[in-house]
Amino acid sequence: MCIPSSRSTKDPPSIEEKRARERIRGPPRHKTAAEQELVHRALSHQPQLRRFDSADYFTAMAADKEKKSFIQDEEKNHQIDDFLDRDTYTRVLDEDDINEYTNAEAILYDLNATHNKDFHKSTSIAWAIVMLALVLRWGVSLHPYSGEASPPRFGDYEAHRHWMEITLNLPLQQWYQYDLQYWGLDYPPLMAYIEYALGFVSRLVEPNSVAFEISRGYETPSHRSFMRGTVLIFDALFIIFPLYLLLWRHPERLALVLSSPALVLVDHAHFQYNSLPIGCTIWCLWAMKNKYPALAAIFFSLACNCKQTALYYAPAVFIFMLLESKIWTLTKIAISTITTFFICWWPIIRAGAALDALARLFPIDRGVFEDKVGNFWYVAQVFLRARDKLSQTNLVKIATGLTAVFAFIPCCIAAFRSSFFINISQKSTIFALSLHVSALAFFLFSYHVHEKAILVPLVPLFLVPETPPLYTSIFSLTAGISLLPLLIFEQSTMAYLPILIVHILTLDYNWQLHNAHWKFRCALVPFIICHFLPLFIMPPTRFPHLYSALLALISAAIFGISYLASAFRLINITSSCCSFAVGDASSSVPTHNNKKFQ
């Protein structure tokens, strides 16, 4: 509601009005930087706005939907709504309204004080969660790693140490050719350069750790601490820090993602550097949310050049960048992407090793899946013997077609709808959910998938605001439990059980899982059986891996249902938002104000 005035808004306030304000408000105060920014924003939309000391600031802040999201007291919120017209920035003040205005202004300052108190509280809690997450990861890293004391091939720990060795001691053209039967380098160029840098530091710390051809299986407590420390540093810089920037106002969600068993166990127990590609993708999401599309393209290009599993996100990133941007922005995105890839690949191309690198990045001859992974192809192998009956060429074609259909279609629909109707906060939500859907489609249907790749669709799920607690809880626990056969093989169950318990307690604290819906309990029953049944009943001699296979099949069923639920939710969200936006556009709200909130 706009308060009428008996005189024009262009007339300066009278002397009596100024004196009345001074009596009520006291001496004038200097505006903070935040207040000045809000005043500037209000005046840019309504140049004729009367520049009272705090009326314009109050009007701008009340009209800003994002700032109002901090208001917790509904009664005070209603008082502000009654006092101001939310559909306009114009504030016309009359002498009779001075008391009413002052009361409303006092409400605002009280709310600001509450917000500042909540700000410091959220920051302190978020920092405490970060410290606990680092301690948790360091504790997990004290347990056995992949292939520890298991010659002749050892495991992923030895693979990364070996890559440090060959990148440091061999010319670049031999990086992707040397001894492919042992642990041939099969990561993109950027990760190879990082391995070179780590090998250089490792030689300074412990020269024997990267001695050419005589350091295979090198395992000492000091070098183990060095290797584990590099994983922890990368995790802190590329996972924890960007997650803190995105979720510090929501410490409960920050605690959920940082305590996720799969996110902790794969890198810090098994040993990998998944924090680099996933972290660069989180930075890409941060850049998209803050309207830096060229920077987002650079971050995602870096993610793809760290590990090829970052391509799981490619459909969502490509479609959103294509439909969200104008011609000039698209040009900047294209230049940023091409430049980043060129910088990463030019040394490899100049050395004549580009074809060797591509052959190692996409290993067609290594099969459609590895170990017991909970996806479509493992289920098809168990019940239909698809891997045995179909040729490798046909498997690649079918996998490519299924992945393209299930990854691109939901993302295309969501991106097309959101590009026309939805505001920036809704777009960032839909983009994060699209990353989850796209990556989950790749995990389920693409060629040559590891069970550890479940990390890729897991992390974006925690970045989607207002995710249904039931869905997030089941998916996160399933992602962690699906790694149990791998962790048993590597003797890391003592790390698995505590982190699983910590995550369940975190979920219960946030969402009261002990009062959960019956669907959650039903989803947990098969996993409980798979955990405890092997302790009492040995598997048949004919099927020694029966329980591992059952766990993979159950996980595949839950991941398949999760894909359908998330894809449907993605399409449903964009459909609802489009209907809401179309309804707003046809209403009687003035056009210039309606654009502000769309």
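Structure: above.
Nothing here was measured: the structure is a model prediction, and the numbers come from that model. (Residues numbered from 1 in each chain as written. Predicted model: local features only at pLDDT ≥ 70, side-chain atom pairs only at ≥ 80, totals over all residues. Heavy atoms only, no water.)

*Asks:* Describe the overall build of the protein, with residues and values.
*Replies:* In terms of regular secondary structure, the protein is built from 28 helices and zero strands. Out of the 598 residues belonging to the protein, those deemed buried represent 50%. For the protein, contacts bridging at least 24 residues in sequence account for 76% of all contacts bridging at least 6. Just so you have it, the protein exposes about 28800 Å², and 64% of that area is on carbon and sulfur atoms. (Helix = DSSP H or I, 4+ residues; strand = E, 2+ residues; numbered from the N terminus. Buried < 20%, exposed > 50% of the residue type's maximum accessible area, 1.4 Å probe, protein only. Contact = heavy atoms within 4.5 Å. Areas by Shrake-Rupley, 256 points an atom, 1.4 Å probe, with all protein chains shown as cover.)

*Asks:* Describe the pattern of salt bridges, listing the residues and the values that go with them.
*Replies:* Within the structure shown, the criterion is met by seven salt bridges. For the salt bridge of E370 with R366, the shortest nitrogen-to-oxygen distance reads 3.9 Å. Among the residues examined, E370 registers a relative accessible area of 24% and is labelled partly exposed. Since its relative accessible area comes to 35%, R366 is described here as partly exposed. Shared partners join several salt bridges into a network, and the residues in it are E158, R161 and E165. (Salt bridge = Lys/Arg side-chain N within 4 Å of Asp/Glu carboxyl O.)

*Asks:* Describe in detail a nonpolar patch on the surface, supporting the description with residues and values.
*Replies:* A surface patch of nonpolar side chains, about 470 Å² in accessible area, is lined by F318, L322, L323, F408 and F416. Per-element tally for the nonpolar patch: the top contributor is helix α15 (residues 314–324), with three residues. With respect to the element layout, L322 can be found in helix α15. (Patch = residues over 30% accessible without salt bridge, like charges linked within 9 Å, V, L, I, M, F, W, Y side chains within 5 Å.)

*Asks:* Explain the environment of E158 to me, using residue names and the numbers behind them.
*Replies:* By secondary structure assignment, the location of E158 is in helix α7 (residues 156–169). What makes E158 buried here is its relative accessible area of 2%. Sequence-distant contacts of E158, that is, excluding residues within four places in its chain, are made with R153, Y182, W183, R216, G217 and Y218. Polar side-chain contacts of E158 include one of 3.2 Å to the backbone nitrogen of G217. (Polar contact = N/O pair within 3.5 Å; in protein donor to acceptor, adjacent residues only side chain to side chain.)

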